[in-house]
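Examining the three-dimensional arrangement
Below, each chain spelled out in residue letters.
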Amino acid sequence: MTNAIEVRGLRKSFGRTQALDGLDLDVRTGEVHAFLGPNGAGKTTTIRILLGLLRKDGGEASLLGGDPWRDATTLHARLAYVPGDVTLWPGLTGGEIIDLLGTLRGSRSGIDPKRRQALIERFALDPAKKARAYSKGNRQKVALIAALASDAELLILDEPTAGLDPLMEAVFRECVDDERQRGRTVLLSSHILAEAEALADRVTIIRDGRTAETGTLAEMRHLTRTTVDADLARPAVLDGLPGVHALEVNGTHLRCEVDHAALNDVLRRLTAAGVVALTCRPPTLEELFLRHYSAERPELGARP
Amino acid sequence: MSSSALAGTPLAGTGALTRLAFRRDRIMLPVWVYVITAAIASNSYSLNKLYPTAADRAALAASGGQNPALVFLYGRMWGDSLGAVSAWRYGVWASIFAALMSIFLVIRHTRADEEAGRLELVGSAAVGRLAALTAGLLVAVVANVVLTLLLVIVLIALGLPAAGSVAFALAITTCGLAFAAVALLAAQLAVSARAARGIALGALGAAYLLRAVGDASGAGGLSWLTWLSPLGWTEQIRPYTADRWWVLALPLALTAAATAAAYVLAVVRDHGAGLLPDRPGRPAASAWLRAVRHWPIGLAWRLQRGTLYGWAVGFAFTFAASGAAAKGIGSLLGGSEQLRHAFTRLGGQAGITNAYLAAIMSLAGLAAAAYATSAVLRLRTEETDGQAEPLLATATSRISWGLSHIAVAVVGTAALLAVAGVAAGLGYGLRTGTAGSEVARLLGAAMVQLPASLAVAGAAVVLFGLAPRASVAGAWTVVGVVVLIALFGQVLQLSQWVLDISPFAHVPKLPGAAVTAASTGAPLLWLGLAAVALAAAGLAGLRRRDIG
């Protein structure tokens with residue numbers, strides 16, 4: 001499998017601030033890849049280096065087989081980008097901006113009018129409104145429609161749903177799914193974790209300009225614990241059992257986090273105590289995130 | 001304004017918003033007030049130097065006060081005391097600046113904040129719906145009151161009569177106040193700050209035209225038009241000659257009426273809405289906007305054309321009037337040896353009329369250089385506002401983006417100079433009956449400024465490419481230095497190499513100077529090459545640096 005994006009040991013500093021400090025990122029062709037990290041982790045800086053807007057200080061970066069700095073304009077004809085903070089020209093209408101970006105991207109006949117129209121309807125955008133009258137969500141829609149209507153092989157989306165309402169977020173997810181079906185590669189930077197969970201084939205988590213973890217969600221879940229929440233007939237004793245963490249017992253109600261290896265033992269003890277109600281949950285990305293960024297639990301932040 | 005007394009009323013929070021407004025304007029507000037005061041003071045002072053005796057001023061009143069072009073430009077002259085001459089020469093223009101200050105202040109704290117959504121944040125706190133309006137008005141009132149006090153102090157310090165100085169200061173600042181109220185009303189009508197500013201500035205332009213036409217049409221005819229204009233009222237107060245205090249009632253009445261209307265509208269309208277809705281635009285881009293693939297030239301034109309049209313109107317107006325004033329310039333300057341000297345210095349030696357026209361044309365060149373610089377700096381605005389980022393993430397190269405805006409700057413500068421030449425030629429030629437030949441002659445005289453104006457803009461391109469963070473301040477410093485050298489270089493007796501820094505030092509003084517390949521062609525060629533080299537260096541820098 002070839003990689004649409006390959007980044008090795010990327011470094012970039014702004015004055016004394018080290019924005020990227022040896023970042024690695026692989027995005028395989030045809031996958032939806034979520035690029036996760038808290039604000040200031042270096043997501044946008046990475047994307048801007050990949051777009052040839054910033055010059056890297058060190059490391060390797062290749063995009064669609066080319067050099068993102070040297071081959072910027074030829075590579076840009078093959079990708080579409082939605083910035084995190086969409087600023088538009090206030091005097092132009094949304095429709096004009098969609099067409100303009102399409103033309104400048106270099107698609108031969110601008111963009112496909114049918115697809116443009118379908119997307120405008122799907123996102124319920126009024127294309128005749130001046131950009132200054134758009135809300136943040138509507139500005140985001142303009143940039144998204146311009147990107148999705150293009151025939152680019154690679155979509156780079158920087159926190160694309162930050163201003164969208166839940167309804168539009170659902171439309172956005174459908175669209176990304178469609179793009180996956182059509183074989184396009186998507187790099188989706190986000191700190192909205194549910195979005196990555198719903199959409200991504202693989203995930204890269206970064207922290208302080210460095211890659212903290214990368215893999216499929218299944219691979220990452222393997223590294224984490226299952227949350228068990230149970231109502232029992234009689235109190236059960238789990239204290240001292242290896243692999244059980246954060247145990248809370250409140251009469252016959254019990255809650256704990258369990259390593260995969262200890263799950264069988266824990267369930268046996270629970271059924272012995274008589275299960276009234278039981279919830280077992282795989283960790284959400286929020287919990288993965290907490291593992292990487294929680295200051296209270298530094299021992300969990302260690303790399304596997 | 002205690003918060004407890006206003007809590008729960010539509011004015012709740014006015015005090016806090018006013019303090020916030022003063023904090024946000026702590027630089028701009030003093031700069032406006034200082035510049036207007038300093039301009040009046042230094043110009044009254046220099047008028048005293050240029051026309052030291054009563055006889056000098058009587059000669060000026062006899063010629064300048066009768067010259068229709070100057071009456072159109074500045075207004076009517078009511079006397080020949082130093083105060084009356086100052087009030088004639090600077091009253092209308094100082095009032096325009098007071099009005100501009102008030103308009104920008106009021107719109108900034110009302111519609112601009114509302115459009116940006118900042119007032120929504122504030123409005124959800126315990127702030128009444130009339131608070132922002134009141135805060136904006138209060139800031140403008142305070143600015144105009146401070147300006148009044150400073151003007152009175154400075155004018156009296158210059159030795160002018162006290163009563164006349166108070167009348168002169170109030171003539172200027174009541175006009176400022178009236179336009180503050182007009183802006184307040186415009187902010188209720190329009191949805192965008194830009195449109196609100198447009199309405200208020202349009203009203204100011206109309207006021208100027210009404211006054212100019214009314215004044216220039218002489219005693220009979222349309223002279224009543226002057227009385228329809230707040231700028232006409234400024235003039236009709238006749239400071240230092242009649243001190244007609246009752247005329248002050250007119251701007252104050254307009255202030256009260258426009259403010260009342262603004263408050264009524266503010267109560268009935270929805271937040272974010274206006275009475276004049278934003279017109280919808282095209283749902284798809286025109287062929288023009290997407291004319292050239294990978295080249296955002298259509299976009300650059302679209303973004304910059306409005307500004308260019310504004311400059312062109314200003315150029316047409318200013319240079320037509322300045323050209324018209326050329327007839328009889330000799331007798332106007334007759335009284336002042338110093339002024340005559342100043343014009344021949346700026347414009348060359350071949351006859352006072354040609355010297356005057358050549359001086360006007362170098363002013364056109366300087367103004368065009370300022371335009372070209374602002375057009376180039378649009379690139380930096382696009383970059384810092386974040387609009388360049390999605391653009392450069394398309395197949396558009398940095399060079400084609402930069403060149404698109406530079407192309408608009410070059411074409412716009414050439415167009416402005418052409419407007420200046422044609423307008424001055426018509427203004428002068430129609431009065432002397434030789435319009436055809438004057439237009440051709442002055443068009444040429446205007447166009448020889450082009451390479452020098454572009455060389456100044458070239459410095460802006462270099463700064464944008466190599467030192468983007470310093471580019472805005474740096475480019476305007478270059479413009480400022482060039483203007484200073486052109487206007488004051490020889491007065492300050494700077495050495496020749498300092499004077500030669502300015503590209504305008506190398507422009508032939510036309511009309512008047514002999515036109516030969518060596519004296520005219522060679523310096524223009526060198527200036528043109530310098531402009532191209534600067535632009536190339538700037539673009540090379542742009543290719544290498546980080547964006548954003």
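Rules of the game
- Residues numbered from 1 in each chain as written.
- Chains lettered and ligands numbered in written order.
- Predicted model: local features only at pLDDT ≥ 70, side-chain atom pairs only at ≥ 80, totals over all residues.
- Helix = DSSP H or I, 4+ residues; strand = E, 2+ residues; numbered from the N terminus.
- Axes fitted to C-alpha atoms, helices over the stretch in contact; angles between N-to-C directions.
- Parallel < 35°, antiparallel > 145°, perpendicular 65-115°, else oblique.
- Left-handed = near helix turned anticlockwise from the far one by under 90°.
- Contact = placed C-beta atoms within 7 Å.
- Nonpolar A, V, L, I, M, F, W, Y, C, P; charged D, E, K, R; others polar.
- Expected span 1.5 Å × (residues − 1).
- Buried ≥ 20, exposed ≤ 12 C-beta atoms within 10 Å, placed from the backbone.
- Domains from an automatic or database assignment.
- Core = buried A, V, L, I, M, F, W, Y, C linked by C-beta atoms within 7 Å.

The next point concerns unusual backbone geometry. Residue and element names in this part refer to chain B. Phi is positive for Tyr240, which is not a glycine, with a value near 70°. Relative to the elements of secondary structure, Tyr240 occurs in the loop between helix 12 (230-236) and helix 13 (249-268). A positive phi angle, near 45°, is found at Asp243, a position not held by glycine.

So, about the packing of helix 17 (residues 352-385) of chain B against helix 20 (residues 435-447) of chain B. All names here are of chain B. Contact pair helix 17 / helix 20: the axes reach a minimum separation of 9 Å and the direction vectors enclose 45°. Overall, the two elements helix 17 and helix 20 adopt an arrangement that is oblique. Crossing of helix 17 against helix 20: the hand is right-handed. Residue-level contacts link Leu357, Ala358, Met361 and Ala364 of helix 17 to Leu442, Ala445 and Ala446 of helix 20. Of the residues contributing to the contact of helix 17 with helix 20, the split by class is seven nonpolar, no polar and no charged.

Another point: helix 5 (residues 136-148) of chain A. Think of an α-helix as 3.6 residues a turn; residues three or four steps apart then line up on the same face. Here helix 5 of chain A is 13 residues long and its end C-alpha atoms lie 18 Å apart, about the 18 Å a rise of 1.5 Å per residue gives. Across the 13 residues that make up helix 5 of chain A, a large majority, 11, are buried. Those residues of helix 5 of chain A that sit buried are Asn138, Arg139, Gln140, Lys141, Val142, Ala143, Leu144, Ile145, Ala146, Ala147 and Leu148 of chain A. If you follow the buried residues of helix 5 of chain A, they end up packed against strand 5 (79-82), helix 3 (94-105), helix 4 (113-122), strand 6 (154-158) and helix 6 (166-181) of chain A together with helix 18 (388-392) of chain B.

Attention shifts here to the domain arrangement of chain A. Taken domain by domain, chain A holds domain 1 (3-220) and domain 2 (225-282). Using C-alpha coordinates to define each centre, domain 1 of chain A is positioned 42 Å away from domain 2 of chain A.

Our next topic: the nonpolar core. If you look at the biggest cluster of nonpolar residues, it comprises 243 residues, and the most contacted ones within it are Ile145 of chain A together with Ala183, Leu184, Ala200 and Val376 of chain B. Residues contacting Ala200 of chain B, with those up to four places away along its chain left out, are Ile103, Ile107, Phe179, Val182, Ala183 and Ala186 of chain B. One finds Ala230, Val244, Leu254 and Cys256 of chain A within the second-largest nonpolar core, a separate group that totals nine residues.

End to end, helix 3 (residues 28-50) of chain B covers 32 Å across 23 residues, agreeing with the expected 33 Å (1.5 Å per residue, within 8%). Regarding helix 3 of chain B, the residues found buried are Leu29, Trp32, Val33, Ile36, Thr37, Ile40, Ser44 and Leu47 of chain B.

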